[in-house]
Amino acid sequence: MDCEQEVDAKATLRVRGKGQFRLASLRNFFRCADEGGSLVEFALVAPMMMMLMTGMFSFGIGLNNYIILTNAVNAGARSMALARNQTTPALAGTDPCKYATQVVSNSAPLINTSGLTFAITYSTTSTSTVTTTNYTNTCAGLTMNPGDTVQMQATLPYSLAIYGWKATSINLVGQTSEFVQ
């Protein structure tokens, strides 16, 4: 016998007093009624589940952007290291830093590269002294020698959006070094 049949059976047995009948059937009804329990539990758990799910999605997108940025920076530093004595494209021979930043932007089509900032360090080793020069987006007239080192770093701002929290901005940084060929 399920809960509703039990309540109906007890209610038919206590027909004598009106007050006693109502009290007994209400007590049995509230003892057996649990239809809203799962709804209340869901209402308590749903915000935490949404926060957890949106946090995982946002973190996954950020991780994907970081991987794309790292691969693009690798391609940019490699193209700058190979730009020595290169005539095509013309930009590679005249301004290798600008050429490298264009390669980074072209290698990362899935991310918004408008907020990218670059830091390029060029180290020249002659005899026993190391000369380090820092550049941002341009280094026109740079003389590149075999064995020199190019270090490229790109910073991309990213906003973590988690359900119920204000978006937090972080910086994704990709960095690599290459030897000039």
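Placed above this text is the structure.
Analysis parameters
Residues numbered from 1 in each chain as written. Predicted model: local features only at pLDDT ≥ 70, side-chain atom pairs only at ≥ 80, totals over all residues. Heavy atoms only, no water. Pairing = 2+ DSSP bridges. Helix = DSSP H or I, 4+ residues; strand = E, 2+ residues; numbered from the N terminus. Axes fitted to C-alpha atoms, helices over the stretch in contact; angles between N-to-C directions. Contact = heavy atoms within 4.5 Å. Expected span 1.5 Å × (residues − 1). Bend = angle between axes of the 7 residues up to and from the residue. Polar contact = N/O pair within 3.5 Å; in protein donor to acceptor, adjacent residues only side chain to side chain. Disulfide = S-S within 2.5 Å. Buried < 20%, exposed > 50% of the residue type's maximum accessible area, 1.4 Å probe, protein only.

(A) Main features of the sheet that holds strand 4 (residues 168-179). With respect to topology, four strands assemble into an open sheet ordered 2-1-3-4, the strand pairing being antiparallel. In the strand order of this sheet, the two ends are held by strand 2 (129-135) and strand 4, each with one partner. Taking the axes of each pair of neighbouring strands and ignoring which way they run, one obtains an average angle of 15° across the sheet. Sheet analysis places strand 1 (residues 117-126) next to strand 2, joined by seven bridges and oriented antiparallel. Residue pairing in the sheet places tyrosine 122 in a bridge with threonine 133 of strand 2. The sheet strands contacting helix 3 (residues 37-81) are strand 1, strand 3 (149-160) and strand 4, and the helix crosses strand 4 at an angle near 30°. Against the sheet, helix 5 (residues 96-107) contacts strand 1, strand 2 and strand 3, and its axis sits at roughly 135° relative to strand 1.

(B) Structural view of the pairing of strand 3. Relative to strand 3, strand 1 runs antiparallel, the two being bridged by seven bridges. Opposite tyrosine 122, over in strand 3, you have valine 150 as the bridge partner. By the bridge criterion, twelve bridges tie strand 3 to strand 4 in an arrangement that is antiparallel. Each bridged residue has a counterpart across the sheet, and for threonine 155 the counterpart in strand 4 is valine 173.

(C) Representation of unusual backbone geometry within the structure. The residue after threonine 88, namely proline 89, is reached through a cis peptide bond having omega -10°. When you line up the elements, proline 89 lands in the loop between helix 3 and helix 4 (90-94). We note that asparagine 85 has phi near 60°; this positive angle belongs to a residue other than glycine. For asparagine 85, the position within the fold is in the loop between helix 3 and helix 4.

(D) Helix 3, seen in detail. Between its terminal C-alpha atoms helix 3 stretches 66 Å, which fits the 66 Å expected from 45 residues at 1.5 Å a residue. At valine 45, helix 3 shows its maximal kink, close to 35°; a proline, proline 47, follows between one and four residues later.

(E) Spotlight on the side chain of threonine 121. Residue placement: threonine 121 occurs in strand 1. Polar contacts involving the side chain of threonine 121 include one to the side chain of asparagine 134, which spans 3.1 Å. Setting aside residues up to four positions removed in sequence, threonine 121 forms contacts with Thr132, Thr133, Asn134, Thr149, Val150 and Gln151.

(F) Broad picture of the state of the cysteines. For the structure on display, the rule yields one disulfide. Across the disulfide, cysteine 97 is cross-linked to cysteine 139 (sulfur-sulfur distance 2.0 Å). Between cysteine 97 and cysteine 139 the disulfide shows an S-S torsion of about 105°. By sign, it is right-handed. Residue cysteine 97 is located in helix 5, and its partner cysteine 139 is located in the loop between strand 2 and strand 3; the two are separated by 42 residues in the primary sequence. The buried category is assigned to cysteine 139, whose relative accessible area is 3%.

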